[in-house]
Structures are given as C-alpha cells and as structure tokens.
Amino acid sequence: MHYGRGADPRIQELDAVRGFALCGILVVDIWRIAGMAATDESGVLMPIRHVLSVVFEARFFPIFSFLFGIGFALLLDKAAERGERPRLVLIRRLLALGVIGAVHQLFQPGEALLPYALAGLVILLPASALPNWVVLVAGLAGTFGVALALGGGLALAPGLFLLGLATARAGIVDTLDERVWQIGAAFALALPAAIVAGMWEYRTPYLELWSTPATAVAGLLGALAYVTGLLLLLRVEPGQVLAEVLRPLGRMALTNYVGATALILLAAPRLGLYGSGDYAPVLGLAVAIILVQAVFSAVWLRLFEYGPLEWVWRCVTWWSVAPIRRVRMPSRPY
C-alpha cells in the first residue's frame, strides 16, 4: 500500500478532510463544554441551537472516526514494512492516546480520545487479523445497525473504525485521484438524502430525538455529503486555497483538538457562555479559534515536522525519539 503521492509520505486529502472535521467538531464542543442551555423554559429547542444542531451535530465525528480507522490501517502496514512488530506498535499508539484522552477527560468530559483508544484496543486490533470482507460487513452492521437501534454519538465509532480500516485495505485511499466520478456520484446521492434526513431531524421534537434514529441517520448522511463535497471542492482551484488552511489543521489534529478545549475554557466565561441560551457568539468563537489554530499550525509546521502532541505520540508509538525540527535543504550555489 502506498502512503502518499511522490516523495510526500502523507496523503494530502486526508489531512484536509481531518482539518475540516475538526472545524465542525469545534462548534459542538463549545456548547457542550460551556453547558449551554438547549431549550427554553417551555422545553422548546432554542432556534439557533436547532439550526446549528442540524448543520453540525453528529456530522463531523463520523468523519473523524472513519479517518481514525484509515490511519490505523496505514500505520499497521507501515510498521510491517519497517519490520517492526505491527500490533505491538499499534498497542503502544493506542495506550498513549488513552493516556492523553484520560487527562483530556478531566477538562472535557465526554471527549473522544479515551473512547477511541479503548475501542481501538478492543475492536480494531483484533479486526486487523480478519479478512477484509468480514471487516467491511462488520463495519456496515456496526454503523448502520447501531444508528437504527441505538442512535448516534460515540456508539457509532467502532463501526466507522472498521469501515475506515476496510476502505484503506481496499486501496481506495491511494486512488482518490482516479475516483472523481465515483466521488461525484456519491455526493449526488448523499446530498439530497442528507437534506431529507436533516429535515426529518429538524421536525422531530427535541425530547423525541433520543428515541428515534433521526439524528444518527441524518448525521451519517450529512457526513457523507460533507466529505464527498469537500473532496470534489479540493479538485478545483478555489478548493486549493481552502486546502492550504485545512491541511495544517489536520496534520496537527491531536494538538488542535486538545488545544481547542483550553481555548474554549479560557474564552467561554469571558463571553458569558456557561449555562447561556444565547448561541450567537458560538460561531464567532469557533471562527476565532480556527483562525488562531490555522495560523499557529502553519507556522509551527514550517519549523517542525510534527505538532507537539503528535511528536510525543509518534515517539511512544515507535519507541524512539524522532527528530522534530524540520531539516532545511542547503541552497545550491549558482
């Protein structure tokens, strides 16, 4: 399996998609961390919250979970190519993620890193020894079966992990440039389905959302529409500008995910968000954090090969200290 195009070991589209997912997750994290009121005194969902929920909630964590499964597969193959003990490498990686997640849980209860690490150890690691068709079937059942039976949230993560693992193993990730028509067809199908499902979710009373699969189904279809739409956008010139912003965010996804929590905790009390029902400042804060992190990530990656937490995570994964400073190629004399 190839890990990128040309001499770049990274798959650029995945970094951009990961950065995009972080932006959407951030909006939901703001109101969750601040404990903002979802309904008014009569139990009716706040109008702005209602719209934001349909646009952002349950749409971006599925993308992040799917990418986690892809990353797992790529790293497993990379460890095998390097002659390492692949599953030991992955165990170290997941344990390190679990430690980071456990600390992060102290500041953001309900965060994803610790559950991701546990699900990776319990589900992804054993699944890596199974035939790909079994992984695919289990992923489909674990995603859509859970969505219909239990609803959304982190319960969808294991199934999406498996779908990401199966997708990477099938070589789809490495041939994205050859699949423009397939991506376009998927987008053409997903977009109207996502709109219909979003209307279903929007029209379902807030207290009934917990007993219906509306949010989970709309979230999965929305995630598919977002991803395929973004992949198409990245192939036209305006999309290249967006990619320049998203890729550094995605390359430093772990640092930015944890760092966003710190920024929210600093900003939320100053904006009066705790317990508030005023959602107007939420998007403004999200945009401000994204801009700060986009600039920070771009500048950092000009100087260093990895983000701060990514470097620690990599060192534990490979059990060796990796050089972090970016090596500048000497200029050729004229």
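Refer to the structure presented above.
What comes next concerns the included structure. (Residues numbered from 1 in each chain as written. Predicted model: local features only at pLDDT ≥ 70, side-chain atom pairs only at ≥ 80, totals over all residues. Heavy atoms only, no water.)

## Quick look at the environment of Leu176
Point 1. With respect to the secondary-structure elements, Leu176 resides in the loop between helix H7 (157-169) and helix H8 (180-203).
Point 2. Judged by relative accessible area, which is 9%, Leu176 ranks as buried.
Point 3. When the C-alpha atoms of Leu176 and Ile11 are compared, they prove to be 9.8 Å apart, with 165 residues separating the residues in sequence. (Helix = DSSP H or I, 4+ residues; strand = E, 2+ residues; numbered from the N terminus. Buried < 20%, exposed > 50% of the residue type's maximum accessible area, 1.4 Å probe, protein only.)

## Remarks on helix H9 (residues 214-233)
Point 1. With 20 residues, H9 extends 28 Å from end C-alpha to end C-alpha; this agrees with the ideal 28 Å at 1.5 Å per step.
Point 2. Taken as a whole, H9 has its buried residues at Ala214, Ala216, Ala218, Gly219, Leu220, Gly222, Ala223, Ala225, Val227, Thr228, Leu230 and Leu231.
Point 3. Where H9 is buried, its residues touch helix H1 (12-33), helix H3 (61-81), helix H6 (132-149), H7, H8 and helix H10 (237-251). (Expected span 1.5 Å × (residues − 1). Contact = heavy atoms within 4.5 Å.)

## A look at the side chain of Arg59
Point 1. Within the secondary structure layout, Arg59 lies in the loop between helix H2 (47-56) and H3.
Point 2. There is a polar contact of 2.9 Å between the side chain of Arg59 and the backbone oxygen of Val54.
Point 3. Among the polar contacts listed, one links the side chain of Arg59 to the side chain of Glu201, at a separation of 2.8 Å.
Point 4. Setting aside its immediate chain neighbours within four residues, Arg59 contacts Ser53, Val54, Gly198, Glu201, Ala218, Gly219, Gly222, Ala223 and Tyr226. (Polar contact = N/O pair within 3.5 Å; in protein donor to acceptor, adjacent residues only side chain to side chain.)

## Description of empty space enclosed by the protein
Point 1. Here the structure, examined in full by the defined rule, presents one cavity of 30 Å³ or more.
Point 2. Here the largest cavity is characterised by a volume of approximately 90 Å³.
Point 3. Lining the largest cavity we find Gly19, Leu22, Cys23, Ile25, Leu26, Asp29, Leu249, Asn256, Tyr257, Ala260, Ile290 and Gln293.
Point 4. At the level of elements, H1, helix H11 (253-271) and helix H12 (280-303) are the ones that each hand at least two residues to the lining of the largest cavity.
Point 5. Per-element tally for the lining of the largest cavity: the top contributor is H1, with six residues.
Point 6. Each residue belonging to the lining of the largest cavity can be placed in one class, and the counts come to eight nonpolar, three polar and one charged. (1 Å grid on protein atoms, 1.4 Å probe; cavity = no way out; pocket = protein on both sides within 12 Å on 5 of 7 lines; lining within 4 Å. Points joined across faces, edges and corners; volume = space filled by probe spheres on them. Nonpolar A, V, L, I, M, F, W, Y, C, P; charged D, E, K, R; others polar.)

## Some words on the packing of helix H4 (residues 86-107) against helix H13 (residues 308-318)
Point 1. Between H4 and H13, the least distance of the axes is 7 Å, while the angle of their chain directions is 145 degrees. Once H4 is placed against H13, the crossing between them reads as right-handed. Every residue of H13 that contacts H4 at Val89, Arg92, Arg93, Ala96 and Leu97 is listed here: Trp313, Val316, Thr317 and Trp318. (Axes fitted to C-alpha atoms, helices over the stretch in contact; angles between N-to-C directions. Left-handed = near helix turned anticlockwise from the far one by under 90°.)

## Some words on the pattern of salt bridges
Point 1. A complete count under the given rule lists seven salt bridges for this structure.
Point 2. Here Arg235 makes a salt bridge to Glu13, at a shortest N to O gap of 3.8 Å. Taken as a pair, Arg235 in the loop between H9 and H10 and Glu13 in helix H1 lie far apart in primary sequence, 222 residues in all.
Point 3. Taken together, the salt bridges that share partners define one network made up of Glu13, Asp177 and Arg235. (Salt bridge = Lys/Arg side-chain N within 4 Å of Asp/Glu carboxyl O.)

## Focus on H8
Point 1. With 24 residues, H8 ought to run about 34 Å at 1.5 Å a step, and its terminal C-alpha atoms sit 34 Å apart, in line with that.
Point 2. Here the buried face of H8 lies against H2 and H9.

## Thoughts on the packing of H10 against H12
Point 1. It is at 8 Å that the axes of H10 and H12 come closest, and there the two elements cross at 75 degrees. When the axes of H10 and H12 are compared, the pair comes out roughly perpendicular. Counting all contacts with H10, which are made through Val245, Pro248, Leu249 and Arg251, the residues of H12 involved are Ile290, Gln293, Ala294, Ser297, Ala298 and Leu301.
Point 2. Grouping the constituent residues of the contact of H10 with H12 by class yields seven nonpolar, two polar and one charged. (Parallel < 35°, antiparallel > 145°, perpendicular 65-115°, else oblique.)

## A short note on the nonpolar core
Point 1. Ranked by internal contacts, the top residues of the largest apolar core, which has 82 residues, are Leu26, Ile30, Ile63, Phe64, Phe72, Leu97 and Tyr116.
Point 2. With 14 residues, the single largest contributor to this core is H1.
Point 3. Contact partners of Tyr116, with chain neighbours within four places excluded, come to Phe61, Phe64, Ser65, Phe68, Leu97, Leu154, Ala157 and Phe161.
Point 4. Residues Val146, Ala147, Leu156 and Leu163 belong to the second largest nonpolar core, which totals seven residues. (Core = buried A, V, L, I, M, F, W, Y, C linked by side-chain atoms within 4.5 Å.)

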